[in-house]
Amino acid sequence: MNHLRSAIHHDARPRYQVPRAAVWQPREPALWIMFGTLLVCLPLSAQAMLAQDAEPGLAALGVLLVLAQGTLLWWFASWLLRARTLSRSLRFASMGWGFVVVPVIAAFANTRWFEILSGHGLRSFAAAIAAPLDEDLIRFAGILAVLALASRVRPIPMLDGIGYGFLVGAGFEISENLLFVLSADDFQSGTHVALIRTGLGFGLHALWSGIQGALLVAGLARFRSRPISGSAMLAAGLVIPMLLHGLWDAPAFTLDYRWTLASLAIVYIISIGIVIGTRIYAIRTTDGLLRHADPEASS
Amino acid sequence: MDQAKLTRRPSWGTGLLILGIIGGILGAPFLAARLLPTPEASRIGVFERVVQTAPGSSLRGSHFAPAGWLWADQPGGGTYLSVDHASTAHITMHTDIDDPDALLRKGLPPGAALSPSTALPVRTGLTGAAVEYDLAAGDNPALSATICTTIAPTVCLLVRANFSSGTEAQRDSARQDIMRLIEGIEVAP
């Protein structure tokens, strides 16, 4: 943790050459944990998708959905979060964790929690409790692993934290939506699912993970000089996305869809607002520090 | 600062934290299952919504199943049993009702069918009426209620309940559960 904390500074990107295989840090335990977890989860993830026994049309729709949503999320990440400046291998590692590891571990834990919570009178709230807890925590672990590797290559600015976090969440989002489409009854309902999953709440997992990444970097950067505010930021990095996720998954208390849509829109707007806010803050602090450190570099 | 200065000791703390998170996520449900008492399988939980439809209508009727009661048939059905199995409630949806009062009294014992109905507090756009009777003079109060849309074609939810639980307090409690259920009834497209 000390190594990670000390490596997290504000941006000094122009001074560092990022190696092509930045992920390859054999001395870093996070690499072997990521590698081992991916190795275990990859066949389980493939099995989960094959077990849906989707007809060819549905499978093609799934591929189309992956391409469309992947392109949209990547375009958003590169345009808004400068994700192209991140190490390519770490981008793949982030997406891989989100696409392969998060669904497998979260699905396992979510299923168990659903049984337990349903049995204790909280069936309606099971998704709103279990999903944020499991999915956001395992994404948090993935972001932490990626940041541990990234921090060995160059100092990590907050914007990189948002970027890596966003990619972890994007990987999970694509994988989850693919599973929903593959598990549809027929092509028509699969198309319906694909449209709903693209039109309603699209990108939320990525946004929530982006918030995690931002606050993880900010919290670790502050931890040494101001442990209390650093800890508060780390806690916020866990709690805020979980809270937003829980509100999104909360049961509707009325049949009136207008209320339901309005409450979902509020959660969506808050999530986007927080990511944009942290992005503005990240860029401002980065540019300010660059100007302070090297007036020529920022001009 | 150059590249070499970034090469540091392996971050074992971060690695342990990641492993701890993964282990915690996988292990916590097993721990919870072991520590928490085994619940009754058919117990109704908090805010469990039941949505009903009727043939020939695009409207849906919904209510929250009484928390703490038991599903009498399958979960999500409209029939409920109190925990002591003495009180019951049954909710059904009916479409194209010309006379809600006739539906309210249909099948009631002759004496009860002649009893006056009372208005019930229900949501906007609905009207509610109930007949309460007790053929056992205090031991077996029963309720028939209709909650209907105010705009034609009228759609009604019919609630039939009887409260035979042991003490008067238990019967009152069961009745209050059903009255709360009635207050929460919605009918929407």
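Computed from a predicted structure; not experimentally measured.

**Q** Outline the confidence of the model for chain B, listing residues and values.
**A** All names here are of chain B. Taken as a whole, chain B shows an average pLDDT of 86; of its residues, 95% reach a score of 70 or greater. Averaged pLDDT values over the elements of chain B bottom out at 81 in helix 3 (residues 110-113) and peak at 94 in helix 1 (residues 12-35). For the stretch residues 1-5, pLDDT sits under 50, and the model shows three contacts to residues farther than four places along the chain or on other chains. Overall fold confidence (pTM) sits at 0.86, and the ipTM for the predicted complex is 0.88.

**Q** Summarise the interface of chain A and chain B; cite the residues concerned and give the values.
**A** At the junction of the two partners, chain A supplies 42 residues and chain B supplies 34 residues. Of all the secondary structure elements, the ones that give two or more residues to the side of chain A that touches chain B are helix 1 (2-7), helix 2 (29-50), helix 4 (88-119) and helix 5 (126-150) of chain A. In the side of chain A that touches chain B, the residues fall into 23 nonpolar, 10 polar and nine charged.

**Q** Break down helix 4 (residues 168-183) of chain B for me, citing the residues and quoting the values.
**A** Residues and elements named next belong to chain B. For helix 4, spanning 16 residues, the distance from its first C-alpha to its last is 22 Å, which sits close to the expected 22 Å at 1.5 Å a residue. Buried within helix 4 we find Arg171, Ala174, Arg175, Asp177, Ile178, Leu181 and Ile182. An end-on view of helix 4 places all buried positions within 150° of arc, on one side of the element. For helix 4, the exposed residues set more than 90 degrees away from the buried face come down to Glu168, Ala169 and Gln176. In this fold, the buried residues of helix 4 make contact with strand 2 (60-64), strand 5 (88-94), strand 6 (118-120), strand 7 (126-134), strand 8 (141-149) and strand 9 (156-162).

**Q** Any chance you could break down the sheet that holds strand 2 of chain B for me, citing the residues and the numbers?
**A** Think of a sheet as strands paired side by side through backbone hydrogen bonds, with each pair either parallel or antiparallel. All names here are of chain B. A sheet is described by the order of its strands in space; here three strands give the open sequence 1-2-10, paired in antiparallel fashion. Strands with a single pairing partner mark the edges of an open sheet, and in this sheet they are strand 1 (49-53) and strand 10 (186-188). This sheet shows a mean twist of 25° between the axes of neighbouring strands, independent of strand direction.

**Q** A description of the pairing of strand 2 of chain B should follow, citing residues and the corresponding values.
**A** All names here are of chain B. Here strand 2 shows a clear split, with Gly61 and His63 buried on one side and none of Arg60, Ser62 and Phe64 buried on the other. The pairing of strand 1 with strand 2 spans five bridges and is antiparallel. Directly across from Gln52, in strand 2, lies its bridge partner Gly61. The pairing of strand 2 with strand 10 spans three bridges and is classified as antiparallel. Bridge pairing links Ser62 to Glu186 in strand 10.

**Q** Which residues make up the nonpolar core, and what are the values?
**A** One finds Ala145(A), Leu147(A) and Leu149(A) to be the most contacted residues of the largest nonpolar core, which totals 86 residues. Apart from residues no more than four positions distant in its own chain, Leu149(A) is found in contact with Ala22(A), Val23(A), Gln25(A), Glu28(A), Ala30(A), Leu31(A) and Leu90(A). By size, the runner-up hydrophobic cluster in this structure holds 31 residues, among which are Ile44(B), Ala129(B), Ala145(B) and Leu181(B).

**Q** If you had to explain the sheet that holds strand 4 (residues 79-81) of chain B to someone new, which residues and values would you point to?
**A** Residues and elements named next belong to chain B. One open sheet accounts for seven strands, arranged 3-4-5-9-8-7-6; its pairing is antiparallel. Only two strands of the sheet have a single partner each, and these edge strands are strand 3 (70-71) and strand 6. Here strand 4 runs beside strand 5; their pairing, made up of three bridges, is antiparallel. What sits directly across from Thr79, in strand 5, is His90. Across the sheet, helix 4 lies against strand 5, strand 6, strand 7, strand 8 and strand 9, angled at about 5° from strand 8, the strand it touches most.

**Q** I'd love a proper account of the packing of helix 6 (residues 158-182) of chain A against helix 7 (residues 187-199) of chain A, names of residues and values included.
**A** Residues and elements named next belong to chain A. The geometry of helix 6 relative to helix 7 is characterised by a closest axis approach of 8 Å and an angle of 155° between their N-to-C directions. Our classification of the angle between helix 6 and helix 7 gives roughly antiparallel. Judged by the sense of rotation from one axis to the other, the crossing of helix 6 with helix 7 is right-handed. Here Asn177, Phe180 and Val181 of helix 6 come into contact with helix 7, specifically with Gly190, Val193, Ala194 and Arg197. Residues belonging to the contact of helix 6 with helix 7 are distributed by class as follows: four nonpolar, two polar and one charged.

Calculation criteria
Residues numbered from 1 in each chain as written. Chains lettered and ligands numbered in written order. Predicted model: local features only at pLDDT ≥ 70, side-chain atom pairs only at ≥ 80, totals over all residues. pLDDT = per-residue confidence, 0-100. Helix = DSSP H or I, 4+ residues; strand = E, 2+ residues; numbered from the N terminus. Contact = placed C-beta atoms within 7 Å. Nonpolar A, V, L, I, M, F, W, Y, C, P; charged D, E, K, R; others polar. Expected span 1.5 Å × (residues − 1). Buried ≥ 20, exposed ≤ 12 C-beta atoms within 10 Å, placed from the backbone. Arc of directions from axis to C-beta. Pairing = 2+ DSSP bridges. Axes fitted to C-alpha atoms, helices over the stretch in contact; angles between N-to-C directions. Core = buried A, V, L, I, M, F, W, Y, C linked by C-beta atoms within 7 Å. Parallel < 35°, antiparallel > 145°, perpendicular 65-115°, else oblique. Left-handed = near helix turned anticlockwise from the far one by under 90°.

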